[in-house]
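Here's the letter readout for the chains.
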Amino acid sequence: PVIMPIYGTRPEAIKMAPIVKALEASELFDSTVVVTGQHREMLDQVNELFGITPDEDLNIMQPNQTLNSVMTRTIDGLDALFRQNKPAAVIVQGDTTTSTAGAIAAFYHGIPVVHAEAGLRSFNLFSPFPEEANRKMTSQITSLHLAPTSVSKSNLLTENTPAEDIVVTGNTVIDALLTTVDKQVPFSDPALEELATSGRKVLLVTTHRRENQGGAMEGVGRALARIARAEPDLTIVLPAHKNPVVREAVLPALEGLENVVVTEPLAYGEFTRMLSVAHVVLTDSGGVQEEAPSLGKPVLVMRENTERPEAVTAGTVRLIGTDEERIYTEVEELLHHAEHYAAMANAVNPYGDGRAAERTVAAIAELLGIGQRIDEF
Ligand code: UDP
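Residues numbered from 1 in each chain as written. Predicted model: local features only at pLDDT ≥ 70, side-chain atom pairs only at ≥ 80, totals over all residues.

Trainee: Before we go on, may I ask you to explain the domain arrangement of the protein chain in this structure?
Mentor: Taken domain by domain, the protein chain comprises domain 1 (2–171 + 353–367) and domain 2 (185–345). Domain 1 and domain 2 are separated by 28 Å when their C-alpha centres are compared. With 14 residues of domain 1 in contact, the opposing surface of domain 2 contributes 14 residues. Listing elements by their share of the side of domain 1 that touches domain 2, those giving two or more residues are α1 (10–25) and α2 (40–49). Sorting elements by how many residues they give to the side of domain 1 that touches domain 2 places α2 first, with four residues. Here the residues of the side of domain 1 that touches domain 2 sort into eight nonpolar, five polar and one charged. (Domains from an automatic or database assignment. Contact = placed C-beta atoms within 7 Å. Helix = DSSP H or I, 4+ residues; strand = E, 2+ residues; numbered from the N terminus. Nonpolar A, V, L, I, M, F, W, Y, C, P; charged D, E, K, R; others polar.)

Listed below in structure tokens is the structure:
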């Protein structure tokens, strides 16, 4: 049978890559990989790193694209593909508009939907952003829910999802991370290579989340500038997101600071290496807060709430919001209180053991009646 992975953004590409590789390696399935191109450049970079050549590229993006247009162009493109390809199941990942569009298009064709990273919930449906609604809409029409943790499984059970349709796999981001970080890829920028081997303490920062764009991100920029001035022995590394709104808010406060290194988004291999070098991670990213704990790195998350509470409970992630003063004091505390640092760095990583893709492929085989699921995470 043909399985069709459908994805479009950088985080989906990273999390789907181990599944695509496991499907390719499996003798049970053929796969037809479809990308929408929702994040063109960063998506292509990840596929290249993992040696994945998409079979179909819907290339849906247009200037000033609305979410409705992402949705309709994806559904339209898939409609034609499903008629030619007749996949036995599609697999979508996470909470983007690409993934919900993929699920809806498949459902209308009577094709079973497999949802990777199912069951995350922020419990904030009417926030101005679509992720929670995307997750919930996809769950409603999914045949096989691949929950990364028991917390996400219980969210699904609370919504009356049949228990037998849920498999706890762990998050495939840990599969991607572990195979990539092992390669210790060199940095293309010699300055980063020098930094990584210098033994200097690195604070790795990423910010892109829409809810933080504007005033909150300007505060992030000012907090980073204060940290840089207070800590001359620390280097702040900020791979700046491509979105100009992010850059215009964060970067002005950082001009002229010698111990702040602003880069383009790092290729995934380089980013994971920088994660492994970092002393502390400051981020509003979903994927980064899942990855850093399995490398033993304390993470300060610049958000008020998270749909990923497991690492907060485990003690490796702390939610600190976006207040400038709070960011400054939380980073300072981690830098100067060894006990506090050790408690966060030594906490258990709750997100996976590197076998999520293997469990995913086995669960799909069971769904299609040609195999059995294996032990859960
Ligand atoms: N990432 C990367 N290069 C960077 C910054 C992040 O490859 O310069 C990776 C990171 O390792 C993680 C993913 O991108 O796996 C997270 O993507 P993002 O923060 O854009 O989205 P989110 O996870 O918040 O949906």
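Continuing now.
Trainee: Sorry, what's going on with the site of the ligand here?
Mentor: Lining the immediate environment of the ligand, one finds 16 residues, of which Pro239, Phe271, Ser285, Gly286 and Gly287 sit closest. Elements that contribute at least two residues to the shell around the ligand include exactly α1, α11 (268–277) and α12 (286–294). The greatest single-element share of the shell around the ligand, amounting to four residues, is contributed by α12. Looking at the shell around the ligand residue by residue, the classes come out as nine nonpolar, five polar and two charged. Taken domain by domain, the makeup of the shell around the ligand includes at least three residues from each of domain 1 (2–171 + 353–367) and domain 2 (185–345). (Near = placed C-beta within 6 Å.)

Trainee: Whenever I open this one, the sheet that holds strand β12 (residues 280–283) confuses me. Can you help?
Mentor: Backbone hydrogen bonds hold the strands of a sheet together, and the pairing may be parallel or antiparallel. Pairing is parallel in the open sheet, where six strands are placed in the order β11-β10-β9-β12-β13-β14. Only two strands of the sheet have a single neighbouring strand rather than two, namely β11 (260–263) and β14 (317–319). Taken pair by pair, the neighbouring strands of this sheet meet at an average axis angle of 20°, ignoring direction. Of the strands in this sheet, β9 (201–206), β10 (234–239) and β12 are in contact with α11, which crosses β9 at around 135°. (Pairing = 2+ DSSP bridges. Axes fitted to C-alpha atoms, helices over the stretch in contact; angles between N-to-C directions.)

Trainee: Quick question: what am I supposed to make of the packing of α1 against helix α7 (residues 172–181) here?
Mentor: For any two helices packed against each other, one specifies the crossing angle of their axes together with the interaxial distance. Taken N-terminus to C-terminus, the directions of α1 and α7 make an angle of 85°; their axes are 8 Å apart at the nearest point. As judged from the angle between their axes, α1 and α7 are roughly perpendicular. Contacts from Ile14, Lys15, Ala17, Pro18 and Ile19 of α1 reach α7 at Thr172, Val173, Asp175 and Ala176. Of the residues assigned to the contact of α1 with α7, the class counts are six nonpolar, one polar and two charged. (Parallel < 35°, antiparallel > 145°, perpendicular 65-115°, else oblique.)

Trainee: When you look at the environment of Ala314 in this model, what are you seeing that I'm missing?
Mentor: Topologically, Ala314 is positioned in helix α13 (residues 310–314). A count of 15 C-beta atoms within 10 Å places Ala314 in the partly exposed class. As for Ala314 and Arg210, which are separated by 104 residues in sequence, their C-alpha atoms are 26 Å apart. With residues near it in sequence (within four places) discarded, Ala314 still touches Ala347, Val348 and Pro350. (Buried ≥ 20, exposed ≤ 12 C-beta atoms within 10 Å, placed from the backbone.)

Trainee: Would you mind showing me how to read the confidence of the model for the protein chain here?
Mentor: A low pLDDT score tells you not to read the predicted coordinates there in detail. Summary statistics for the protein chain give a mean pLDDT of 96 and a share of 100% for residues scoring 70 or more. ipTM for the predicted complex: 0.98, alongside a pTM of 0.95. (pLDDT = per-residue confidence, 0-100.)

Trainee: In this structure, what is going on with helix α16 (residues 356–367)? I would like to understand it.
Mentor: In an α-helix, one turn spans 3.6 residues; hence positions three or four apart end up facing the same way. In this model α16 runs 16 Å from its N-terminal to its C-terminal C-alpha over 12 residues, within 8% of the 16 Å that 1.5 Å per residue would give. Count one or two residues on from α16 and you reach Gly369, which has phi positive near 75°. (Expected span 1.5 Å × (residues − 1).)

Trainee: Explanation requested: helix α4 (residues 97–108) in the structure shown.
Mentor: The first and last C-alpha atoms of α4 sit 16 Å apart over 12 residues, in line with the 16 Å expected at 1.5 Å per residue. Of all the 12 residues making up α4, 10 are buried; the element is thus mostly covered by neighbouring parts of the structure. What α4 keeps buried is the set Thr97, Thr98, Ser99, Thr100, Ala101, Gly102, Ala103, Ile104, Ala105 and Ala106. Check the buried side of α4 and you find it contacts β1 (2–7), α1, α3 (67–85), β5 (89–93), β6 (113–116) and α5 (131–140). One or two residues past the end of α4 sits Gly110, with phi positive at roughly 75°.

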